[in-house]
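Residue strings, one per chain:
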Amino acid sequence: MRPIVGSKRIVRLEKGVLGKLPQEFSIGVGNVNGRAGAVGKIDGRIYAVTSFETDGTHILSVIRMLNPGKLSSWAGNHAAGTAYGFH
């Protein structure tokens, strides 16, 4: 794993990733494991779950889960709402 450090580098990465996703991609914002988070979907199916660690002002770390096996079991337990829990 190679962490990406620095706000400019992180923004550049995220813009690049978002630019490659299909038009059907959507994002829902909520709570993931007690942290600010987002759930990305393609055609209604969960594609990625992201959580953000902050100090209240700045993002300190970003954790993104893309593993289809973990996402499918997680999706079954969190089909509706914005209170996401990911273990």
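Per chain, the residues get numbers from 1 upward, laid out in the order the sequence is written. Local features in a predicted model are, by the rule used here, given only for residues with pLDDT of at least 70; side-chain atom pairs are given and counted only at 80 or more, and totals for whole chains, interfaces and linings are based on all residues. Neither water nor hydrogens contribute to the side-chain values; these are computed over all heavy atoms in the structure.

(A) Broad picture of the environment of Val49. Runs of E in the DSSP output that reach at least two residues are strands. Runs of H or I that reach at least four are helices, and both are numbered from the N terminus. You can see Val49 is positioned in strand β3 (residues 45-54). C-alpha separation for the pair Val49 and Val29, spaced 20 residues apart in sequence, amounts to 9.9 Å.

(B) Structural context of the pattern of salt bridges. Salt bridges are defined by distance alone: a side-chain nitrogen of Lys or Arg within 4 Å of a carboxyl oxygen of Asp or Glu. Counting across every chain of the model gives one salt bridge. Between Glu14 and Arg64 there is a salt bridge, and its shortest N-O distance comes to 3.0 Å. Taken together, the residues span a long stretch of sequence, with Glu14 in helix α1 (residues 7-20) and Arg64 in strand β4 (residues 59-65) at a distance of 50 residues. Since its relative accessible area comes to 23%, Glu14 is described here as partly exposed. Its relative accessible area of 35% is what places Arg64 among the partly exposed residues. Burial classification: accessible surface area is computed with a 1.4 Å probe over protein chains only, and a residue below 20% of its type maximum counts as buried, one above 50% as exposed, and the rest as partly exposed.

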